[in-house]
Amino acid sequence: MTPAFPLLPPQVEHIISFLPVRDVVSLGQTCHYFHEVCDSEGVWRRICHRLSPRLREQGSGVQPWKRAAILNYTKGLYFQAFGGRRRCLSKSVAPVLAHGYRRFLPTKDHVFILDYTGTIFFLKSALVSSTLGQKRACCYVVLCHGAKDFASDPRGDTVYRKYLYVLATREQPGVVDTAHSQSCDCVEVYLQSSGQRVFKITFHHAMSFKQMVLVGLETQRTLLLLTGQLTLRKVSHDLPHLRVACMASNQGSTLYITDQGGVYFEVHTPGVYRDLFGTLEAFDPTYQQMPLPVSLPAKVLFCALGYNHLGLVDEFGRIFMQGSNRYGQLGTGDKMDRGEPTQVHYLQRPVALWCGLNHSLVLSQRSDFSKELLGCGCGARGRLPGWPRGSASFVKLHIKVPLYASSLCPTRECLYMLSGHDIEHHPAYRDLPASRVVGTPKPSLGAEAAQDPEGVAAQACEPYLGQIHSCPTLQECMETTKVIVGWMPLMATQEDFFWEALDMLQRAFGGVGQGPPTPDS
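Residues numbered from 1 in each chain as written. Predicted model: local features only at pLDDT ≥ 70, side-chain atom pairs only at ≥ 80, totals over all residues. Heavy atoms only, no water.

Engineer: I'd like a description of a nonpolar patch on the surface, backed by residues and values.
Structural biologist: Taken together, the side chains of Tyr 163, Val 198, Phe 199 and Ile 201 make up a nonpolar region of the molecular surface, amounting to roughly 350 Å² of accessible area. Top element by residues in the nonpolar patch is strand S12 (residues 197-202). It accounts for three residues. According to the relative accessible area criterion, Ile 201 is partly exposed, its value standing at 32%. (Patch = residues over 30% accessible without salt bridge, like charges linked within 9 Å, V, L, I, M, F, W, Y side chains within 5 Å. Areas by Shrake-Rupley, 256 points an atom, 1.4 Å probe, with all protein chains shown as cover. Salt bridge = Lys/Arg side-chain N within 4 Å of Asp/Glu carboxyl O. Helix = DSSP H or I, 4+ residues; strand = E, 2+ residues; numbered from the N terminus. Buried < 20%, exposed > 50% of the residue type's maximum accessible area, 1.4 Å probe, protein only.)

Engineer: Got a sec to walk through the sheet that holds strand S25 (residues 371-377)? Specific residues and values, please.
Structural biologist: The antiparallel open sheet is built from four strands, whose spatial order is S23-S24-S25-S26. Edge positions in the open sheet fall to strand S23 (352-355) and strand S26 (391-396), since each of these has one partner strand only. Going across the sheet, the axis of each strand differs from the next one's by a mean of 15°, ignoring polarity. Both S23 and strand S24 (residues 359-365) contribute to a ladder of four bridges, which runs antiparallel. Each residue of the ladder has a partner; that of Cys 355, found in S24, is Ser 360. (Pairing = 2+ DSSP bridges. Axes fitted to C-alpha atoms, helices over the stretch in contact; angles between N-to-C directions.)

Engineer: With reference to specific residues and values, describe the confidence of the model for the chain.
Structural biologist: For the chain, per-residue confidence averages 80 on the pLDDT scale, and residues scoring 70 or more make up 79% of the total. This model gives residues 128-135 a pLDDT under 50, and the stretch forms 11 contacts once residues within four places in sequence are excluded. Counting interchain partners and residues more than four positions distant, the pLDDT-below-50 stretch residues 439-454 has six contacts. (pLDDT = per-residue confidence, 0-100. Contact = heavy atoms within 4.5 Å.)

Engineer: How would you sum up the nonpolar core? Please name residues and give values.
Structural biologist: Grouped together as the largest cluster of nonpolar side chains are 53 residues, with contacts concentrated most on Leu 77, Leu 373 and Leu 408. Those residues within four positions of Leu 77 in sequence are excluded, and the remaining contacts are Ser 90, Lys 91, Ser 92, Tyr 101, Phe 104, Val 111, Ile 113, Leu 123, Tyr 416, Met 417 and Leu 418. (Core = buried A, V, L, I, M, F, W, Y, C linked by side-chain atoms within 4.5 Å.)

Engineer: So what about the packing of aromatic side chains? Which residues, and what values?
Structural biologist: Two descriptors summarise a pair of aromatic rings, namely the distance from one centre to the other and the angle between the planes of the rings. The tally for this structure, following the rule as stated, stands at nine aromatic pairs. Taken together, a centroid distance of 5.4 Å and an interplanar angle of 75° make the contact between Tyr 33 and Phe 34 edge-to-face. Judged on exposure class, the residue Tyr 33 and its partner Phe 34 are both buried. A ring pair is formed by Phe 121 and Tyr 140, whose centres lie 6.3 Å apart and whose planes are at 70°; its orientation type is edge-to-face. Within this pair, whereas Phe 121 is found in strand S5 (residues 120-124), its partner Tyr 140 is found in strand S8 (residues 139-144), the two being separated by 19 residues in sequence. Taking relative accessible area as the criterion, Phe 121 reaches 1% and is therefore assigned buried. Accessibility expressed as a relative area gives 25% for Tyr 140, which makes it partly exposed. Connected via pairs of aromatic rings, a cluster forms that spans Phe 79, Phe 104 and Tyr 416. (Phe/Tyr/Trp six-rings, centres within 6.5 Å; stacked < 30°, edge-to-face > 60°.)

Engineer: Give me the lowdown on the pattern of salt bridges, citing residues and values where you can.
Structural biologist: Taken as a whole and assessed by the stated rule, the structure comprises 16 salt bridges. For Asp 153, the salt bridge identified is with Arg 155, shortest N-O distance 2.9 Å. Relative accessible area serves as the criterion here: at 6%, Asp 153 is assigned to the buried category. Via salt bridges that share partners, Arg 67, Asp 422 and Glu 424 belong to a single interconnected network.

Dropping the structure here:
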């Protein structure tokens, strides 16, 4: 198809560059001609300059222009307070100089954001309590440039995050103006309250790092740096054939994911070891850095590490939980601890996973590309909005999730959600082979015909009917049905309809005196 109007490509590119980003993407899907025009670098360069006028072609890390424009179009930091009279989603101040949002970290009083050019922004008073509830950040400043990663106290409570550790690249002092200037990696420590640098460690130019995590309490703090050249940690010394791809940590343990998707665990305290593995038989207090392999049937893509439980997501989008389940934080429907990874069958292909002290959150995407937030575990202090008494299964929380939400981090006061879409980096899930699907019946001899999809779906619903049938009262039956509706892969409108209908029935049931309506509704 060719256009009927005699416009040259530069003119078409100039006109298209004034369209909103979503309209440009939609126009590119209409025909082959507009696909080529809307995918050209000229269109996206103009769009990028319109969205972020301060970005210039000579800026490092900006090109390709399509990725840069989408990063700046979708960037945003949102929060919803757990307390107060107003419980609505609010957007924090967006730094104009930021080239997308790569990571964020709430501290005791403020929020720090790392963009895709290595600049860290210091959002002052990102969430401040007041008589009218909560208010958003009023100003921001640039903390530093050339940053690769940052970290703070590994404990989940932000009250302990008094210092910000920054892994950055700096020119070596004394040789900047010479022909042999060299860049060196360093770790800088800043006060989170004022942004003042109080400490700095500079490494030899031959030592290059890509990630940094902290382990332990303040008096026994350990700094772990991930590099491609050196192998000094026990996991690298005892297992030199493995290459660590990423790390996660808390105050008592460290988790390593290799480039092949293997998982290894370091546990430094006996209490956490018992919660995670259910026994102390193999725990050696004199050899706490011994890497323990975690057995999974597939390659692990990313993880979430809480204080005494963890979550793993494999290449097929399956979620596995392990550890303490005292509050139902594993989402298995019960409160039994798990000493090995256990799959949560009703959740698939999450966008993000987060594990805290005694609850877990999953950011999920629906078939219509809208996002929703699911949670399980303890619901005290509003940490599971809509479910104040908590839940032993993942349930849909009463939170409006931004369309481009990519990560989350709750604090005592609120839930933060980072918005941003990177077209070059996203979880590439694979389709699970039919032979590995749990509950798939084996075909009979000589039967090679495809199974009836409706029959398979009906068979999958039988356990749900059994759970509803086992409820002793009508009130518990309604509660169980609401939880099951949250598990099922329904469209957003269908799920909202069923939940509203169940709420109406529940209110009517409570109005006749046979039982009060639950506050969870």
